[in-house]
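Structure assessment
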Amino acid sequence: MAELIDLRSDTVTRPTAGMRRAMAEAEVGDDVYVEDPTVRALEERTAALFGHEAALFVPSGTMGNQIGMRLVCEPGQEVLCDADAHVVTYEMGAAAAIFGISTRTVVSSGGRLDAGQLTEQVRPKDNWHLTATAAIAVENSHNRGGGLVQPLDQLQALWDWSRQADVAVHLDGARIWNAHASSGVPLSTYGGLADTASVCFSKGLGTPVGSVLVASAERIATARLWRKRLGGGMRQVGVLAAACLYALDHHLPRLGEDHEHARLLAKRLGVDPATVETNMVVLEGIEAPLVAEAAKARGVLVSQVSASRIRLVTHLDVDRAAVERAADVLAELLDR
Ligand SMILES: Cc1ncc(COP(=O)(O)O)c(C=O)c1O
């Protein structure tokens, strides 16, 4: 049988030959001593891309998000976010379990940020009765929202409001690269609308591992302590940072291709193209377990988001021919 076409997630990519070479050739040192030149280069480059003072390499997006939120929220305070946000859906209650941070959610329209809806829920810090809202977490692009890109005017409105309200903004930018590729909004603009931001290299950018947290120099110094406490202090990880630097040079510029492939899938499967903003396509109103099983039997892996929804994610490891094959299989199964 032909090789499986894996559309479950953009996390399934394997390092390319060029990336492996860059990893093998990386200059390394002990990063807990802050002596790994490749990690430092990645941190400096990422901080500059997002217009922040400093950055910290962390093993995962989950660690980046959780430390990022802890930097701007004390135990007993809360982070407010939408109900489908990754930070409250897929991070195993980490904010509460590890940091004593409370989370509160608002139901959004498919993950789309509505600054007014969030800010009216914020609770003040100087009230003896209430759980104080210290931060708002925003996800861009939005995973459970089918890869939607947050509207810049809403991000700006939230940011402007947050400055006078003394509430911090954390950006879960696991796929900020896709948002940037789709909207054309500079990474520095997105970075300028957040106090802390976690960005991943192991999703659309195709590295085996690695995320970077960006923030002020003072906050990143504190983040370094938290990373060590959590067991995220790593040694000669220039080999991993080299993959991230390679991805910035070689994979960031090609993300538009993944978005085009997602639009192609949507077109073939009768999905409204307006719902496809980046590399994800959501099929709704179907018998998800049956379709997923049948697709798998024919060599196409998809992700079941619920009993009636399936998510398809395009990425580096599925070329146009594979996307067309997957579209043929799914179109036949769905009779579209
Ligand atoms: C939006 C979003 N944030 C954070 C993460 C967490 O990343 P990791 O799996 O590296 O912990 C993911 C993972 O897919 C994600 O989709």
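As the structure is a computational prediction, the values presented were derived from the model and not from experiment.

1. Examining the domain arrangement of the chain
For the chain, the domain assignment lists domain 1 (5–12 + 254–335) and domain 2 (17–250). Spacing between the C-alpha centres of domain 1 and domain 2 amounts to 27 Å. Listed by partner, the interface residues are 16 residues for domain 1 and 20 residues for domain 2. Note on domain 1 versus domain 2: buried area summed over both sides is about 1,400 Å², and carbon and sulfur give 49% of it.

2. Considerations on the packing of helix α1 (residues 17–24) against helix α11 (residues 238–250)
Across the interface, α1 lies against α11 with an axial gap of 8 Å and an inter-helix angle of 135°. Here α1 is positioned oblique relative to α11, judged by the angle of their axes. When the axes of α1 and α11 are compared, the crossing they make is right-handed. On α11, the residues that touch Gly18, Met19, Ala22 and Met23 of α1 are Val239, Leu240, Ala242, Ala243, Tyr246 and Ala247. The residue inventory of the contact of α1 with α11, partitioned by class, reads nine nonpolar, one polar and no charged.

3. Topic: the pairing of strand β3 (residues 78–82)
Among the five residues that make up β3, five are buried, leaving the element largely enclosed by the rest of the structure. Burial of the side chains of β3 extends over both faces: Glu78, Leu80 and Asp82 are buried on one face and Val79 and Cys81 on the other. With five bridges joining them, β3 and strand β4 (residues 102–106) adopt parallel strand pairing. Each residue of the ladder has a partner; that of Leu80, found in β4, is Arg104. One ladder, built from three bridges, connects β3 with strand β5 (residues 133–139); its direction is parallel. Paired with Val79 across the two strands is Ala135, which belongs to β5.

Cut-offs used in this document
- Residues numbered from 1 in each chain as written.
- Predicted model: local features only at pLDDT ≥ 70, side-chain atom pairs only at ≥ 80, totals over all residues.
- Heavy atoms only, no water.
- Domains from an automatic or database assignment.
- Contact = heavy atoms within 4.5 Å.
- Buried area = accessible area lost by both parts, 1.4 Å probe.
- Axes fitted to C-alpha atoms, helices over the stretch in contact; angles between N-to-C directions.
- Helix = DSSP H or I, 4+ residues; strand = E, 2+ residues; numbered from the N terminus.
- Parallel < 35°, antiparallel > 145°, perpendicular 65-115°, else oblique.
- Left-handed = near helix turned anticlockwise from the far one by under 90°.
- Nonpolar A, V, L, I, M, F, W, Y, C, P; charged D, E, K, R; others polar.
- Buried < 20%, exposed > 50% of the residue type's maximum accessible area, 1.4 Å probe, protein only.
- Pairing = 2+ DSSP bridges.

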